[in-house]
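A structural walkthrough
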Amino acid sequence: MTTKLIKEGIYSVGVVDWNERHFHGYTYVTKRGVTYNAYLIIDEKITLIDTVREGFQKELIENIKNVVDPSKIDVIIINHIEPDHSGAFAQILKICPNAKVYGTEKARQGLLKYYGVCGDWVTVKSGQSLNIGKRTLDFIDVPMIHWPDSMFTYSAYDKTLFSNDGFGQHYATNKIFDDEVNFDVLMDESQKYYANILWPFNMLVSSKLAAIGKLSLDIKFIAPSHGLIWRKYIPEIMQKYLYWSSHSCKNRVAVVYETMWNSTEKMAKKIIEGITSEGVEAILFDVTKNDRTDISSYMLDAKGWVFGSSTHDGEMLPVIAGFLHFLKGSKAKGRKSFAFGSYGWSGEAVKDIEDTISNVTSFEPSLRVVYSPNQDELDKCFQVGKSFALKIKNE
Ligand code: FEO
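Parameters and conventions
Residues numbered from 1 in each chain as written. Predicted model: local features only at pLDDT ≥ 70, side-chain atom pairs only at ≥ 80, totals over all residues. Heavy atoms only, no water. Helix = DSSP H or I, 4+ residues; strand = E, 2+ residues; numbered from the N terminus. Buried < 20%, exposed > 50% of the residue type's maximum accessible area, 1.4 Å probe, protein only. Lys, Arg positive; Asp, Glu negative; His and termini not counted. Salt bridge = Lys/Arg side-chain N within 4 Å of Asp/Glu carboxyl O. Polar contact = N/O pair within 3.5 Å; in protein donor to acceptor, adjacent residues only side chain to side chain. Axes fitted to C-alpha atoms, helices over the stretch in contact; angles between N-to-C directions. Parallel < 35°, antiparallel > 145°, perpendicular 65-115°, else oblique. Left-handed = near helix turned anticlockwise from the far one by under 90°. Contact = heavy atoms within 4.5 Å. Nonpolar A, V, L, I, M, F, W, Y, C, P; charged D, E, K, R; others polar. Domains from an automatic or database assignment. Buried area = accessible area lost by both parts, 1.4 Å probe. 1 Å grid on protein atoms, 1.4 Å probe; cavity = no way out; pocket = protein on both sides within 12 Å on 5 of 7 lines; lining within 4 Å. Points joined across faces, edges and corners; volume = space filled by probe spheres on them. Patch = residues over 30% accessible without salt bridge, like charges linked within 9 Å, V, L, I, M, F, W, Y side chains within 5 Å. Areas by Shrake-Rupley, 256 points an atom, 1.4 Å probe, with all protein chains shown as cover. Core = buried A, V, L, I, M, F, W, Y, C linked by side-chain atoms within 4.5 Å. Pairing = 2+ DSSP bridges. Expected span 1.5 Å × (residues − 1).

Focus: the side chain of Arg335
Position of Arg335 among the secondary structure elements: in the loop between helix H10 (318–327) and strand S22 (336–343). The buried charged residue Arg335 lacks any salt bridge, with Asp301 as its nearest oppositely charged partner at 6.5 Å. For Arg335, the side chain forms a polar contact with the main-chain oxygen of Ala302, separated by 3.0 Å. A polar side-chain atom of Arg335 sits 2.8 Å from the main-chain carbonyl oxygen of Lys333.

Structure below.
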């Protein structure tokens with residue numbers, strides 16, 4: 001991303017990481033890459049909002065230089081310290097000797113722990129503001145959107161909310177605004193992002209959205225630190241955040257399984273036939289062939305979660321085990337589930353599945369078959385799927 005003027009006095013100076021495919025370690029597959037957005041405001045006090053990931057600092061500095069000498073920066077706002085936004089902080093500090101740095105107390109502590117520096121620091125919190133000339137910037141604490149240190153910065157002059165991780169998408173593009181890309185792709189990436197970044201914090205997202213609603217801010221732009229800036233579809237993304245954070249679900253089912261010799265897969269296929277025979281939408285995910293990022297995005301608002309695994313050495317198989325450990329952090333509510341699987345002599349996988357994520361879903365009786373399902377057992381799988389679909393529709 002080169003420097004781009006967003007509106008009078010505000011420039012996008014962040015970077016595009018076109019080839020990032022595994023964000024947050026290996027937890028998030030970013031098939032469309034990532035952007036690390038940062039914003040430069042030219043006012044009486046020149047202000048930089050957020051930095052970028054380590055390794056991209058040179059590009060950030062070049063982008064700033066296209067507008068202003070970085071040594072002239074008066075204010076650095078740290079909305080969030082996670083290294084995808086603060087990785088270039090220490091280098092930026094070195095070339096901005098006169099800058100005061102603004103952020104929450106937890107941000108100050110985090111920067112010191114990560115980098116050993118926090119600059120000429122000013123701690124701020126909700127209700128406090130900073131005048132930079134024509135503009136007054138208001139700070140809004142938003143703990144756990146995405147980390148405890150997180151805050152939003154609002155400019156009433158620009159009717160712009162700088163939301164850092166909030167309302168982001170992992171979507172590498174040289175476009176700037178939401179209406180410059182395909183709407184369906186944008187919303188799909190937004191859902192994936194919510195499911196994989198913010199889902200565990202639903203309660204806090206929901207209460208913070210309500211609190212921000214009471215502030216009656218006039219918001220014409222939401223400028224996150226990942227992906228596109230919202231200007232046309234603000235009502236749509238706000239509605240989605242309200243929906244996702246309220247644990248709302250659709251009558252749809254994810255059947256997620258891992259199989260050794262295709263017996264569990266045969267069961268899965270009959271189960272999904274039974275589910276869809278009742279007109280309930282369902283998708284079959286072999287967890288070894290699908291990204292967990294896509295599966296969890298579908299599951300974010302799926303009422304039915306069905307899991308299958310063969311039993312291997314007294315346990316469920318390892319890839320689905322990893323996926324379930326990831327999923328149990330979601331703190332989901334209001335789901336229905338059952339477990340199934342084939343086994344040779346002991347058949348612990350179904351109980352293993354239930355035990356692993358009983359904190360986020362409730363289980364119907366499980367379904368097991370020895371070795372390979374015969375016709376009667378396949379019929380039973382169909383019937384169990386059908387009954388499950390009726391519960392999804394009617395309860
Ligand atoms: Fe994009 Fe929580 O960092």
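Alright, that's what it looks like, and here's the rest.
So, the pattern of salt bridges
All told, the structure shown has 25 salt bridges when counted by the stated rule. Here Arg53 makes a salt bridge to Glu20, at a shortest N to O gap of 2.5 Å. Here the residue Arg53 occupies a position in the loop between strand S8 (47–49) and helix H1 (57–65), and Glu20 occupies one in the loop between strand S3 (15–17) and strand S4 (22–23), the gap between them amounting to 33 residues. What makes Arg53 partly exposed here is its relative accessible area of 28%. In this structure, the salt-bridge partner of Lys386 is Glu278, at a minimum N-O distance of 2.8 Å. Of the two residues, Lys386 is situated in helix H12 (residues 375–394) and Glu278 in the loop between helix H8 (263–277) and strand S18 (281–286); the sequence distance between them amounts to 108 residues. A relative accessible area of 26% means that Lys386 is categorised as partly exposed. The class for Glu278 is buried, based on a relative accessible area of 18%.

Quick word on the packing of H10 against helix H11 (residues 349–357)
The description of two helices packed together rests on the angle between their axes and the distance between the axes. At a minimum axis separation of 9 Å, H10 and H11 run at an interaxial angle of 20°. Between H10 and H11, the interaxial angle falls into the category roughly parallel. Crossing of H10 against H11: the hand is right-handed. Residues Leu324, His325 and Leu327 of H10 form the contact with H11, whose participating residues are Ile353, Thr356 and Ile357. Of the residues belonging to the contact of H10 with H11, the class tally is 4 nonpolar, 2 polar and no charged.

Quick look at the domain arrangement of the protein
When its domains are assigned, the protein resolves into domain 1 (4–245) and domain 2 (253–394). Placing the centre of domain 1 and that of domain 2 at their C-alpha centroids yields a distance of 38 Å. Between domain 1 and domain 2, the contact holds 14 residues from the first and 17 residues from the second. Together, the buried faces of domain 1 and domain 2 total about 1400 Å²; carbon and sulfur atoms form 56% of this surface. Summed over the three residues of domain 1 that lose the most area to domain 2, namely Gln191, Trp199 and Pro200, the buried surface amounts to 42% of that side. Connecting domain 1 to domain 2 are 3 salt bridges.

Some details on the layout of surface pockets
Empty space within the largest pocket amounts to approximately 250 Å³. Of all elements in the fold, only strand S20 (311–312) and S22 reach the threshold of two or more residues within the lining of the largest pocket. Taken together, the residues of the lining of the largest pocket break down into 5 nonpolar, 8 polar and 1 charged. Here the second largest pocket is characterised by a volume of approximately 190 Å³. Every residue lining the second largest pocket is counted, 16 residues in all, and those nearest its centre are Ala195, Asn196, Ile197, Pro200 and Phe326. Listing elements by their share of the lining of the second largest pocket, those giving two or more residues are helix H5 (183–198) and H10. Element by element, the count of residues in the lining of the second largest pocket is highest for H5, at 3 residues. When its residues are assigned to classes, the lining of the second largest pocket shows 9 nonpolar, 7 polar and no charged. Of the domains in this structure, domain 1 (4–245) and domain 2 (253–394) are the two that each give at least three residues to the lining of the second largest pocket.

Focus: a nonpolar patch on the surface
Together, Trp345, Val370 and Tyr371 make up a nonpolar patch on the protein surface, roughly 430 Å² of accessible area in all. Tyr371 gets classed as exposed once you look at its relative accessible area, which sits at 57%.

Re the nonpolar core
Ranked by size, the top nonpolar core spans 88 residues in total, and within it Tyr241, Val256, Met299, Trp305 and Phe307 carry the most contacts. Of all the elements, H5 adds the most residues to this core, at 8 residues. Formed jointly, this core draws a minimum of three residues from each of two domains, domain 1 (4–245) and domain 2 (253–394).

Topic: the sheet that holds strand S16 (residues 221–224)
If you trace the 5 strands from one edge of the open sheet to the other, you get S12-S13-S14-S15-S16, paired in mixed fashion. One side of each edge strand has no neighbouring strand; the edge strands of this open sheet are strand S12 (129–131) and S16. Taking the axes of each pair of neighbouring strands and ignoring which way they run, one obtains an average angle of 20° across the sheet. With 4 bridges connecting them, strand S15 (residues 160–164) and S16 associate as parallel partners. Bridge pairing links Thr160 to Phe221 in S16.

With respect to helix H7 (residues 234–245)
For H7, with 12 residues, the first-to-last C-alpha span of 16 Å sits near the 16 Å given by 1.5 Å per residue. Next to the buried residues of H7 lie H5, helix H6 (202–214), S16 and strand S17 (250–258).

Here we look at the packing of helix H9 (residues 292–299) against H10
Between H9 and H10, the least distance of the axes is 11 Å, while the angle of their chain directions is 50°. The pairing of H9 with H10 is recorded here as oblique in orientation. The two elements H9 and H10 meet at a crossing, and its hand is right-handed. Residues Arg292, Ile295, Ser296 and Met299 of H9 form the contact with H10, whose participating residues are Gly322, Phe323, Phe326 and Leu327. For the contact of H9 with H10, a count of residues per class yields 5 nonpolar, 2 polar and 1 charged.

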